Amino acid sequence: MAEEINRVEELSEILQIRRDKLTKLQEEGRDPFTITKFSRTAWSQEVKDNFETMENQTVSMAGRIMSKRGMGKAIFADITDDKGRIQLYVRLNDVGEETFADFKKYDIGDIIGVTGFVFKTRMGEISIHCQTIQLLAKSLRPLPEKFHGLTNTELKYRQRYVDLIMNPDTRRTFEIRSKFIRYLRSFLDNRGYMEVETPVLNTISGGATARPFITHHNTLDIDMYLRIATELHLKRLIVGGIERVYEIGRIFRNEGMDTKHNPEFTTVELYEAYTDYHGMMDLFEEFLSSAAMNILGTYKVEWQSEEIDLTPGWERLTMADAVKKYTGVDFMSFDTVEEAVAAAKSIGVEMGEGKEPTWGDLLYECFDQRVEEKLIQPTFIIDHPVEVSPLAKRKPSDPRLTERFELFICRSEMGNAFSELNDPIDQKARFQRQMDLRAKGDDEAGMMDEDFINALEYGMPPTGGLGIGVDRCVMLLSGNSSIRDVLLFPTMKPIED
C-alpha cells in the first residue's frame, strides 16, 4: 500500500512539473497551444526511403519526442510521425543558446516541429541536423516507460491513444484493418456490386437470431431497436431491382462479451440475384484468400498458435457429414427423433431444459458442442437444419435442411450465407415460429416483419446472400486472438471513482 501511495505521489509530482513548465512558457508569451499550424515538407519514412536524393536537402518535419540522449553541446532525439520514427541531431552552435536551452527542457511526449538538413551519422543512421525547433504542443502526462511500453491489456483498450503511441504492432493491426476494408470495397465494386446504407434504428428487430439493444424515440414515443443485421433491408433492394448490393455496417447485439464478441461489431452483407449459396462460397473463398495475398503477400498466416493455409480449395462438408467425421454419429441414418436424442446423449451433448428437440435441433447442437472446436483449416459447413436457419431456402432434396453455409477457421465462424428464402408464405410461417419462441421467453428470437413479407409478395428472384465478420477477418490477418485488439475503442465497463 505504501509503495502504491509513493507511486501516485511521484506521478503527481511529475504532472505538476510539466504543468509548471507550461505555465512558465505561457507567462513568457510562448504558449505552444496558441500555435495553429506547422508547414512540414517531409515525413520520417519518406526521408529514409529516399535518402540518396534527399541527402543535404533542408526539410521541415513534425512529431512526438520519444527519446532524448546526450549531454553538453549536442543532443540526439527520436521523434515519431504518422509514417514512422527518425533521429534528430540538435547542436548548440546550430540552433542557438535559447533554442538549445528550451530543447533541453522539453519532455518525452512533447510534440515539436523542426527544420534541418538530411544527413547520415557516423553510425550510419539517417537523421535530421536541426537548425530550428518549435514546441507545438506540451505533453502534460508522461508516456509509459519506453522499454516495456503500455503492457496492461485493459489499459491498452481504455487508452488506445497511448497504445498507438507506444506500440507499433497496434498501429500495424489497424493499418491491416483499413487495407482490408479498402480491398473489400474494391473487390465487390469491381464485380458490379452497389454499396448502400440502411437504417441503424428499426421498429422491428430482425435479420438474425440475437438479443437487441432497445432505445426510445421521444418524438414518435415508440421503442426502437438498434439493428442486429442489415439483411432484411438489403433483400428489399433485391426485390426493387438492385441485383448486386452490399453494405459495410456496424451491428449491435446485446449479448455476452468474450474474445470473439463485442456488443458492436462490423459486418459486410452482400446479396446477388440469380445465384445460390454455392456462388457465395466461391466468392467468399476468392475474396478472403486474395485479401491475404494482397495485404500480406502470402496465403499462410499464424493465428491462435495455428498455421492457417488460405490457399484456395477449402474443404466443404455438410453439417451432418462433419458430425459423422468428428464424432462418428450419422444423423442421416436416423428414422426417428428418439434415435437422434439417444445418439446425442451418447456423445455428451446437452439440450436446454424443458425443450423438446427436433432432429434438426439435435444435429445443430452436436455440431456446435462437439465439432466446431475441431475446425482449424478453412472449412465450409453447409446444409444447416431449417430450425436454426429461418431466412434460408430449404434444400429441395431434403426439406429438413437449408441451403446455408458457415465458414470456420481456427474454431471461429468467419461468415454465414444462404440461398435466400424468397417464398413469402414459407417465410411468414418461419417468422411465426420465431414469434412463438419469443412468446415462450426466447428474447433472441426474431419478430414478424410484415413489410418484408409484403416485399417478397412482389417477387424476389433466386438470390445468394453472404454475411462476413469484418472484425474476425482482421483478427485472422493481423494475428490477434481477441476482437478487442482489432477494435480501436472496444466496449468497456466504466471505471468507478
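Residues numbered from 1 in each chain as written. Predicted model: local features only at pLDDT ≥ 70, side-chain atom pairs only at ≥ 80, totals over all residues. Heavy atoms only, no water.

> Quick rundown of a nonpolar patch on the surface? Include the residues and the values.
A cluster of nonpolar side chains, contributed by Leu164, Leu488 and Phe489, occupies part of the molecular surface with about 280 Å² of accessible area. Topologically, leucine 488 is positioned in the segment after helix 16 (470–478). (Patch = residues over 30% accessible without salt bridge, like charges linked within 9 Å, V, L, I, M, F, W, Y side chains within 5 Å. Areas by Shrake-Rupley, 256 points an atom, 1.4 Å probe, with all protein chains shown as cover. Salt bridge = Lys/Arg side-chain N within 4 Å of Asp/Glu carboxyl O. Helix = DSSP H or I, 4+ residues; strand = E, 2+ residues; numbered from the N terminus.)

> Could you give an account of the sheet that holds strand 3 (residues 85–91), with specific residues and numbers?
Spatial ordering of the closed barrel is given by 1-2-3-5-4, a layout of 5 strands whose pairing is mixed. Mean inter-strand twist for the sheet, computed between neighbouring axes without regard to direction, equals 55°. In this structure, strand 2 (residues 74–80) lies alongside strand 3, joined through 7 bridges in antiparallel fashion. Directly across from isoleucine 75, in strand 3, lies its bridge partner valine 90. The sheet contacts of helix 5 (residues 97–105) involve strand 1 (58–71), strand 2, strand 3, strand 4 (111–120) and strand 5 (126–137), and relative to strand 2 the element is tilted by about 60°. (Pairing = 2+ DSSP bridges. Axes fitted to C-alpha atoms, helices over the stretch in contact; angles between N-to-C directions. Contact = heavy atoms within 4.5 Å.)

> Got a sec to walk through the pairing of strand 12 (residues 300–303)? Specific residues and values, please.
In strand 12, alternate side chains face the same way, and those of Val301 and Trp303 are buried while those of Lys300 and Glu302 on the opposite face are not. Bridging between strand 12 and strand 13 (residues 306–309) involves 4 bridges; their strand directions are antiparallel. Within strand 13, the position partnered with valine 301 by the bridge is isoleucine 308. Where strand 12 folds back on strand 13, the antiparallel hairpin that results is connected by 2 residues, among which glutamine 304 adopts a positive phi of roughly 50°. (Buried < 20%, exposed > 50% of the residue type's maximum accessible area, 1.4 Å probe, protein only.)

> Got a sec to walk through the pattern of salt bridges? Specific residues and values, please.
If you walk through the whole model with that rule in mind, you get 36 salt bridges. Salt-bridge contacts for arginine 177 lead to aspartate 471; the nearest nitrogen and oxygen are separated by 2.8 Å. Taken together, the residues span a long stretch of sequence, with arginine 177 in helix 8 (residues 168–189) and aspartate 471 in helix 16 at a distance of 294 residues. Each member of the pair arginine 177 and aspartate 471 is classed as buried. A salt bridge links aspartate 426 to arginine 430, with the nearest nitrogen and oxygen atoms 3.1 Å apart. Placement of the pair is aspartate 426 and arginine 430 together in helix 14 (residues 424–439), with a separation of 4 residues, close to one helical turn. Since its relative accessible area comes to 6%, arginine 430 is described here as buried. In the salt-bridge network here, residues are joined through shared partners; they are Arg18, Lys21, Asp107, Asp110 and Lys138.

> Lay out the pairing of strand 19 (residues 412–419) with the relevant residues and their values.
Counting buried positions along strand 19 yields 6 of 8 residues, so the element is predominantly enclosed. Here 6 bridges tie strand 18 (residues 404–409) to strand 19, and the two strands are oriented antiparallel to one another. Counterpart to isoleucine 409 in the pairing with strand 19 is serine 412.

> Which residues make up the sheet that holds strand 18, and what are the values?
One open sheet holds the 8 strands; their spatial order is 6-10-11-20-19-18-15-14, and the pairing between them is mixed. A single partner strand is all that each edge strand has here, and the edge strands are strand 6 (194–195) and strand 14 (315–318). The strands touched by helix 16 are strand 11 (264–273), strand 18, strand 19 and strand 20 (463–469); relative to strand 20, the strand with the most contacts, the crossing angle is about 55°.

> Mind laying out the packing of aromatic side chains, listing which residues take part and the relevant values?
Applying the stated rule across the entire model yields 15 aromatic pairs. One aromatic cluster is present, formed by Phe76, Tyr89, Phe117 and Phe119 through successive ring pairs. Here the guanidinium or amino end of lysine 68 rests over the ring plane of phenylalanine 103, the centre of that ring lying 5.0 Å away. Positioned above the aromatic ring of tryptophan 359, the side-chain terminus of arginine 400 is 3.8 Å from the ring centre. (Phe/Tyr/Trp six-rings, centres within 6.5 Å; stacked < 30°, edge-to-face > 60°. Lys NZ or Arg CZ within 6 Å of the ring centre and 35° of its normal.)

> Please set out the environment of arginine 69 residue by residue, giving values where relevant.
Of note, arginine 69 is situated in strand 1. Through-space distance from the C-alpha of arginine 69 to that of alanine 344 is 67 Å; in sequence the pair is 275 residues apart. Those residues within four positions of arginine 69 in sequence are excluded, and the remaining contacts are Ile75, Phe76, Ala77, Asp78 and Gln87. Within the local environment of arginine 69, its side chain forms a polar contact with the side chain of serine 67, the two groups lying 3.0 Å apart. (Polar contact = N/O pair within 3.5 Å; in protein donor to acceptor, adjacent residues only side chain to side chain.)

> Outline the side chain of lysine 138, supporting the account with residue identities and numerical values.
As for its position among the elements, lysine 138 is in the loop between strand 5 and helix 6 (153–158). Taking the relative accessible area as the measure of exposure, lysine 138 reaches 8% and is therefore buried. At 2.6 Å, the side chain of lysine 138 and the side chain of aspartate 107 are in polar contact. At 2.9 Å, the side chain of lysine 138 and the side chain of aspartate 110 are in polar contact. If near-sequence neighbours (up to four positions away) are discounted, lysine 138 is found in contact with Arg18, Lys21, Leu22, Pro32, Phe33, Lys105, Asp107 and Asp110.

> Outline helix 13 (residues 359–370), supporting the account with residue identities and numerical values.
Here helix 13 contains 12 residues, and its C-alpha end-to-end distance of 16 Å stays within 8% of the 16 Å for a straight helix at 1.5 Å per residue. Among the residues making up helix 13, those that are buried are Trp359, Gly360, Asp361, Leu362, Leu363, Glu365, Cys366 and Phe367. Elements in contact with the buried residues of helix 13: helix 11 (319–327), helix 12 (337–346), strand 15 (379–382), strand 17 (398–402), strand 18 and helix 14. (Expected span 1.5 Å × (residues − 1).)

Note that all results are geometric; they support no functional claim without further evidence.
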